[in-house]
Structures are given as structure tokens and as C-alpha cells.
Amino acid sequence: AKVTPLSTDGCWRWSVDRYLLEKTKNNLIFIESPSGVLITPDGKKSKWNVYTKIWLSDRQDEGQTPINFISKHENRHSAKELKELGIVFDFAKPVGLVKHLYSLLSDSREDIVLDFFSGAATTAHAVMQLNAKDGGKRKFIMVQLPEATDEKSEAFKAGYKTIAEIGKERIRRAGKKIKDSAGLYAENLDTGFRVLKVDTSNMKDVYYAPDTNAQGSLLDQIANVKEDRREEDLLFQILLDWGVDLTVPIARETIAGKTVFFAAENAVAACFDSGITEDFVKQLAARKPLRAVFRDSGFASDNVKINVEQIFKLMSPGTEVKTI
């Protein structure tokens, strides 16, 4: 058959040398006719596309035989897994594949598994399944950009505006399903997770030197926290500053009418409310937290702000006090 010239929208699969080599091995070579139809060596027309194959026998001769085969974990399995959860997503990896790959790397039950291209969070699903099977305490960290879903996709029509939203919902539903069927290990199986987003500082940007600040703008510098930040945002900033594990348990309590966050039981006590009084500080100091933190503008008066450290020195000298 006559070979057509290389078109502007195509490219050569093999070099000439590679083509001649494969031909000597009697591998199938398909030639494109002038009409654009593929012609097989026996002259028959083919409706199939051109595929490049690597033969196992060749790799064995070259000493490059693969150690493990994972062909039984096909991508079609992932479609079924997501359908059972009511999640719509294309090109997800099968849970079985991720578990198989993990088994090649570790046999520990307390690993931290990181997936920097989380997608539909298949890795998180796999880690929870592994823990449900053997009672492990593995943790997962999923990283995913808030990449927008295609407006024509089924995922977008289902209400998922970003791939990250798909992953979060998949973890919620998979976690519930796994815990419901975990049997012996269900009671101690942790399927919870926290969603953290990379953002700018919680504190307002200050661009002025003291001698360039107008007197009328000084009041603007009192509240140094950005208006759109929540108490939880400030809390996690403190945990990062102090090097506290972001997965520790966090409890919210009310003391003297103020909201206080206790992280890792008594490791950190944080109150970001306004109107902090000495009475409140004394009640908090009586709990003897390892660290205590307040908002700089949250004290009822300058006297309270000055006396905070003295109160803790008297009642809880081991507490590290900080204001933000």
C-alpha cells in the first residue's frame, strides 16, 4: 500500500530505525492509505487506531521483565466504586490499585500517606479501607488544587464546582460506608478529616513607617486581624506557630461567657473574643494550660492586658502566654 506523507496534524510514532527493527521481528505494521484508512499487511481495511505495544518476550530477552503486574486493577473498577458512593468523576484510579502499590512499599499500620495529586481522593479511600481491615492507625494527607470542573461534565452538573469538592465528598461518603461495615474495628476506626486551605496571613498588611502614619489612621491599626478571618483560622495559625500537630482533637468550651478552644486537651487554650477581663483570665489560668493565646485587641482595658502575664505567673507559672 502507498504511504501517505506526514500530515500537519500528526507525528511519527517510531523512528525509521525502530520501524525497520520491528519489521524484522514480524510485528504487525499498519500502513495508512491515501484515503486515510489503515491497511493491514494482508490488504484488509482496519477501523482501529494505531497502538504501540511492548512485548513481554522482548523485555525478557533484554533482562527487563517487570517485577509486578497490576493489570487486574483496571480503571473501569473505579467507575463502579464511585457509582456505589453516588460520586461522579472521570479517570479516577481503582482503590485496589492504590492498596496494592502501598503494600509494595510498607507493612506498617501507622504510616502517613501523602498524595500530592489527590483528584477524587482514591488514596484516602484506600487508607481507610486498610485501617478497617487490620485496625491500623494510618493517616492520609491529600493535596489538591481547587481546579474547576468542566461545565459540561456530569460532576459539574451534580454540583461539584472543583475537583477538590469531589474529593472531600468522596472521603465523607466512603468513610461512612467503611465504618458501617468495619465490624470488629468499627469502634476505633477514625474516618474523620480536616480541610485546610493555603492562604495569605491572617494579619493585616502594614506598609507604613511610624513617621508616615497619619494620626487619623491610627485607629485602623488597632484591629490587626483581617475582617474575613474566622476564629478557627487564627487557631490553626497558632498551632502552626507552636508546632502542634494539626490533627489533634479540638474542643470548644464557654468560660465566663467567652469561647475558648482547647487543642490536644490542655496543650493550647485560645480565646479570640473581645472584652477579656481579669476574672475570665483567672478562670482560664486555673485550668493550667500549657499555652494560652489571646487576640491583642481583645482585652477590656490596658490594665487587663498588662496584668495577664502576672495572673498566669501566680496561678499557672508553667503556662506560655501569647497575644496575636
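The structure presented is a predicted model; accordingly, all values stated were derived computationally and were not measured.

Reading the values: the criteria
- Residues numbered from 1 in each chain as written.
- Predicted model: local features only at pLDDT ≥ 70, side-chain atom pairs only at ≥ 80, totals over all residues.
- Heavy atoms only, no water.
- Core = buried A, V, L, I, M, F, W, Y, C linked by side-chain atoms within 4.5 Å.
- Buried < 20%, exposed > 50% of the residue type's maximum accessible area, 1.4 Å probe, protein only.
- Helix = DSSP H or I, 4+ residues; strand = E, 2+ residues; numbered from the N terminus.
- Contact = heavy atoms within 4.5 Å.
- Phe/Tyr/Trp six-rings, centres within 6.5 Å; stacked < 30°, edge-to-face > 60°.
- Lys NZ or Arg CZ within 6 Å of the ring centre and 35° of its normal.
- Salt bridge = Lys/Arg side-chain N within 4 Å of Asp/Glu carboxyl O.

**What about the nonpolar core?**
Then comes step 1: Within the largest apolar cluster, 23 residues are counted, with the highest numbers of intra-cluster contacts made by Ile87, Met128, Phe140, Ile166 and Ile171.
Then comes step 2: A per-element tally of this core places helix H5 (residues 122-134) first, with five residues.
Then comes step 3: If near-sequence neighbours (up to four positions away) are discounted, isoleucine 171 is found in contact with Ala121, Ala124, Met128, Phe140, Met142 and Phe193.
Then comes step 4: Counting residues in hydrophobic clusters, the runner-up holds 18 residues, among them Leu239, Phe261, Ala263 and Ala267.

**With respect to the packing of aromatic side chains**
Then comes step 1: With the rule as written, the count across this model stands at two aromatic pairs.
Then comes step 2: Judged by centre distance (5.6 Å) and plane angle (50 degrees), the rings of phenylalanine 294 and phenylalanine 299 are tilted. Both residues of the pair, phenylalanine 294 and phenylalanine 299, belong to the buried class.
Then comes step 3: One aromatic cluster in this structure is built from Phe294, Phe299 and Phe312.
Then comes step 4: Lying across the ring of phenylalanine 156, lysine 161 places its NZ or CZ 5.1 Å from the centre.

**Remarks on the pattern of salt bridges**
Then comes step 1: One pass over the full model with this rule turns up 17 salt bridges.
Then comes step 2: With its nearest N and O atoms 3.1 Å apart, the salt bridge here joins lysine 176 to aspartate 180. Within this pair, lysine 176 and its partner aspartate 180 are both found in helix H7 (residues 163-180), separated by four residues, close to a single helical turn. No difference in accessibility class separates lysine 176 from aspartate 180, as the two residues are exposed.
Then comes step 3: One salt bridge in this structure joins aspartate 199 and arginine 229, with 3.6 Å as the shortest N-O distance. Of this pair, aspartate 199 sits in the loop between H7 and helix H8 (231-242) while arginine 229 sits in the loop between H7 and H8; the two residues are 30 residues apart in sequence, bridging distant segments of the chain.
Then comes step 4: The class of arginine 229 is buried, set by a relative accessible area of 15%.

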